[in-house]
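Okay, here's what each chain looks like letter by letter:
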Amino acid sequence: MPKFSYKAISETGSSVTGVVEAESIDMASAILSEKGYIPTKVSSQQFGDAKESGVVHKLEEILSPIKLKEIILFTKQFRTMLNAGIPIVTLLQILESQTENKRFKKIITQMVQDVKEGFTIFETFRKHKIFSPLYCSMVRAGESSGALPEVLDRLTYILEHEEKVKSDIKSALQYPALVFAFLGIAFFVLLTFVIPKFIKIFNRAGLELPLPTKICMVMYNVLANYWYILILFVLVVVGGCYYSFFKTEKGRLMKDSAILRIPLFGPLFQKAAMSRFASIFAILQSSGVGVLESMRILAGTLGNSAISNQFGTLRERLEEGQGISAPLRAAKYFTPMVINMVAIGEESGNLDEMLREVAGHYDEEVTYATRGLAEAIGPALVVGLAAVVGFFALSIFLPMWDLTKMTG
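Residues numbered from 1 in each chain as written. Predicted model: local features only at pLDDT ≥ 70, side-chain atom pairs only at ≥ 80, totals over all residues. Heavy atoms only, no water.

1. Side note on the overall build of the chain
Along its length, the chain carries 18 helices and 3 strands. The C-alpha atoms of the chain give a radius of gyration of 29 Å, which is well past the 22 Å a tight globule of 408 residues would have. Principal-axis analysis of the C-alpha atoms places the extent of the chain at approximately 100 × 60 × 40 Å. Looking at the chain residue by residue over its 408 residues, the buried ones come to 36%. (Helix = DSSP H or I, 4+ residues; strand = E, 2+ residues; numbered from the N terminus. Rg over C-alpha atoms; globule rule 2.2 N^0.38 Å. Buried < 20%, exposed > 50% of the residue type's maximum accessible area, 1.4 Å probe, protein only.)

2. Let's talk about a nonpolar patch on the surface
Taken together, the side chains of Val218, Val222, Tyr226, Trp227, Tyr228, Ile229, Leu230, Ile231 and Leu235 make up a nonpolar region of the molecular surface, amounting to roughly 880 Å² of accessible area. Contributions of two or more residues to the nonpolar patch are made by helix H9 (211-225) and helix H10 (227-246). As for its position among the elements, tyrosine 228 is in helix H10. Taking the relative accessible area as the measure of exposure, tyrosine 228 reaches 45% and is therefore partly exposed. (Patch = residues over 30% accessible without salt bridge, like charges linked within 9 Å, V, L, I, M, F, W, Y side chains within 5 Å. Areas by Shrake-Rupley, 256 points an atom, 1.4 Å probe, with all protein chains shown as cover. Salt bridge = Lys/Arg side-chain N within 4 Å of Asp/Glu carboxyl O.)

3. A closer look at the nonpolar core
Core analysis: the biggest nonpolar cluster contains 69 residues, and Phe74, Phe78, Leu92, Phe125, Phe131 and Phe334 have the highest contact counts within it. Sequence-distant contacts of leucine 92, defined by excluding residues within four places in its chain, comprise Phe74, Phe78, Ile108, Met111, Val112 and Val115. (Core = buried A, V, L, I, M, F, W, Y, C linked by side-chain atoms within 4.5 Å. Contact = heavy atoms within 4.5 Å.)

4. What about helix H17 (residues 336-348)?
An α-helical turn contains 3.6 residues, so any two residues separated by three or four positions project in the same direction. Here H17 is 13 residues long and its end C-alpha atoms lie 18 Å apart, about the 18 Å a rise of 1.5 Å per residue gives. Val338, Ile339, Met341, Val342, Ala343 and Gly345 are the residues of H17 that are buried. (Expected span 1.5 Å × (residues − 1).)

5. Considerations on the packing of aromatic side chains
One pass over the structure, following the stated rule, counts 16 aromatic pairs. Seen in terms of ring centroids, phenylalanine 74 and phenylalanine 131 are 5.8 Å apart; in terms of plane orientation they differ by 40°. Their pairing is tilted. Residue phenylalanine 74 is found in helix H3 (residues 68-83), and its partner phenylalanine 131 is found in the loop between helix H6 (121-126) and helix H7 (133-145); the two are separated by 57 residues along the sequence. The pair formed by phenylalanine 74 and phenylalanine 131 is uniform in burial state, with each residue classed as buried. Pairing phenylalanine 277 with phenylalanine 281 gives two aromatic rings, centres 5.6 Å apart and planes at 45°, and the pair type is tilted. Residue phenylalanine 277 and its partner phenylalanine 281 are located together in helix H12 (residues 265-286), separated by 4 residues, close to a single helical turn. (Phe/Tyr/Trp six-rings, centres within 6.5 Å; stacked < 30°, edge-to-face > 60°.)

Put into structure tokens, the structure is as follows:
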């Protein structure tokens, strides 16, 4: 939708400026009039300005990323001051002065301006992408029910839970990533600096090189003479894969489906998704969010397109009047425990309580799975490291053995 910048006079007689989305200038003026403003100037934003603003915004996202921990701290402080009865404008101004992240400070400044212009709390949060659809939906539920502090408290629990799960998975993958990095460096150093010197010695001696040494020689020649082609090839492959599997819906679906089939990793990500589904669904239900709206929110928060893709069918069956457990049985990735606990919760009227039980169970499962992943990857890395070292050792010591026999 087009954006229009405006200058107007508020009900108090002060001059205000901002940007409004509308189909035309007349509609933009009508929107401002509904808010109680008297428009003095409404103009369409220039394409060049919008493009420049988009570039600047991308640079800000890269140079000043807003971490989840900062969002959690902001939410806690917002809830505490809101519960203490501090007005929204004053509350946001205090948070603005306390925030160290420049990009986050800029966003809070805009939020202060939006509240002053009459936007609701939900509309103020929704305008900024750092707040997820789940975050904004829970703010709307809390604002409409008059229980925003309680809803923010539950939201903080969700965010902290997400941070813990991500931290556990990163910790499990940190050691393998470090080993692979050092293994790659060792491979490059041996292949480019060590092996060529030994090959020169063997060639001067007129030795018949064994197969491992010939393979090393071929790899070195390719790396030394065609390095620019290899770099170009890697860039093209990485760029193509990134565009195909991260930028397109079909590619994301293929990638996430493949991840769920990988041994060790697949079950871990499935359990993490089940934990996220149960915990978020439970809090949405206790916060008064409808089932259909909850399914829409969950589809964008599970972090796996293969699982999220099934929520379209779930919503269709719910609109037909079916319960929740029956459509879940037809879904591919939902475990029997989740389905059975949801069915019990529906029959007993304690769905949110059953979902909390499921979330607690899968939290423990994710913890055990991450430990098992680290324990299973360790021996595999040792075997891989031994194979690489053994390959280079054979490449050097087999001809060296022939050389000693020749000398003898």
